[in-house]
Structure formats: C-alpha cells, structure tokens
Amino acid sequence: MPFCPKCKCEYRVGFTECADCGVGLVDTLPPEPQPGDLDRVTFVPLRSYPSRIHAEMVQEALSNEGIPAIIRGSEIFGTGTGLVEAVPPHMTLCVPEDRLEEAGLIADGIVDPL
Ligand SMILES: [Zn+2]
C-alpha cells in the first residue's frame with residue numbers, strides 16, 4: 001500500500017501523490033523513533049548551571065522521573081548570534097526536545113539555574 005510520508009495517510013494502489021500534502025507516496029513508511037533510542041532523540045539545552053555538580057543533581061532527579069538528560073560543557077554551545085560572550089565556564093543540561101517543559105518544572109524545583 002502506498003503511504004504519504006508526511007501525513008502518513010494510506011492510499012489505494014494507483015495513487016502516486018498525497019491529495020492533502022502534494023508529496024509523492026512511498027511504499028513503506030520510515031520506522032518510527034523508538035522511545036529510549038537516544039541516537040534518534042534531539043537534545044535541546046534546558047538550563048545552565050555553574051558547575052557539573054549542580055548539573056548532575058538535576059540530571060539524577062530527571063532520570064528518576066524517566067527523563068534522560070546529558071550534560072554538555074559551555075564550549076559546545078555558542079550564543080547563536082555569532083558573538084562570543086565572556087562567560088565563565090558552565091555546564092548545560094540537555095534533555096529531549098519533547099520533554100523540555102516537563103524537565104524544566106523538575107529542574108527548577110531542585111537547583112536555581114545560572
Ligand atoms: Zn499527506
């Protein structure tokens with residue numbers, strides 16, 4: 001059966017384009033991301049902390065809630081503006097994009113962000 005790769009509608013054989021999206025149909029849909037498959041998860045910055053110890057406290061609390069979190073050093077994230085800001089080294093805690101709001105509520109209850 002052909003499927004639309006965008007809206008995932010199933011079409012009868014003979015259709016080649018999705019009527020809603022205008023994209024070509026495919027025979028099989030790409031596999032859905034599996035929960036827990038971290039390679040497929042987009043991690044976004046949640047909060048920055050003045051030290052790794054703070055970040056690890058929050059990381060542990062998040063993992064207790066089933067939210068995976070990773071800690072990145074300040075050197076990885078720029079400001080996004082191309083400007084280099086003179087900031088002291090700090091640790092940025094990153095969580096999956098779709099858990100950002102939930103993680104923020106948990107994080108702010110534990111340690112004040114930088
Ligand atoms: Zn479609």
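Quantities reported herein were computed from a predicted structural model and do not represent experimental measurements.

Cut-offs and rules
Here, residues in each chain are numbered from 1, in the same order as that chain's written sequence. Totals for whole chains, interfaces and linings use every residue, but because this is a predicted model, local features are given only for residues with pLDDT of at least 70 and side-chain atom pairs only at 80 or more, for both listing and counting. Side-chain calculation: all heavy atoms of the structure are included, whereas hydrogens and water are not. Joining through side-chain atoms within 4.5 Å is the link that ties buried Ala, Val, Leu, Ile, Met, Phe, Trp, Tyr and Cys residues into a set, and such a set is a nonpolar core. Throughout, exposure labels follow a simple rule: accessible area from a 1.4 Å probe, protein chains only, divided by the maximum for the residue type, with under 20% read as buried, over 50% as exposed, and the rest as partly exposed. The helix count covers DSSP runs of H or I at least four residues long, the strand count covers runs of E at least two residues long, and both are numbered beginning at the N terminus. What makes two residues a contact is simply this: any of their non-hydrogen atoms within 4.5 Å. Any two strands between which DSSP finds at least two bridges are classified as paired. Helix axes use the C-alpha atoms of the stretch in contact, all axes being lines fitted to C-alpha atoms, and the angles between their N-to-C directions lie in the range 0 to 180 degrees. Salt bridge, as used here, is a side-chain nitrogen of Lys or Arg placed within 4 Å of a carboxyl oxygen of Asp or Glu.

**Remarks on the nonpolar core**
One recurring pattern in soluble globular proteins: nonpolar side chains tend to sit buried together. Leu46, Tyr49, Val58, Leu62, Leu93 and Val95 are the most contacted members of the largest nonpolar core, which totals 15 residues. For this core, the secondary structure elements donating two or more residues are β1 (43-49), α1 (52-64), β3 (91-96) and α2 (100-108). Among the elements that take part in this core, α1 stands out by supplying four residues, more than any other. In this structure, Leu62 is in contact with Leu46, Ile67, Ala69, Leu93, Val95, Ala103 and Ile106, ignoring residues within four places of it in sequence.

**Observations regarding the sheet that holds β3**
If you trace the three strands from one edge of the open sheet to the other, you get β1-β3-β2, paired in antiparallel fashion. The open sheet is flanked by β1 and β2 (70-73), the only strands paired with a single partner. Sheet twist, expressed as the mean angle between neighbouring strand axes with direction ignored, is 35 degrees. Pairing of β2 with β3, which is carried by four bridges, proceeds in the antiparallel orientation. Across the sheet, residue Ile71 finds its bridge partner in β3, namely Leu93. Strand contacts of α1: β1, β2 and β3, with the helix running at about 20 degrees to β3, the strand carrying the most contacts. In the packing of α2 onto the sheet, contacts are made with β1 and β3, and the angle to β1 comes to roughly 15 degrees.

**Considering the pattern of salt bridges**
Under the defined criterion, the tally for this structure stands at three salt bridges. One salt bridge connects Arg52 with Glu56, and the closest N-O pair in it is separated by 3.8 Å. Within this pair, Arg52 and its partner Glu56 are both found in helix α1, separated by four residues, close to a single helical turn.

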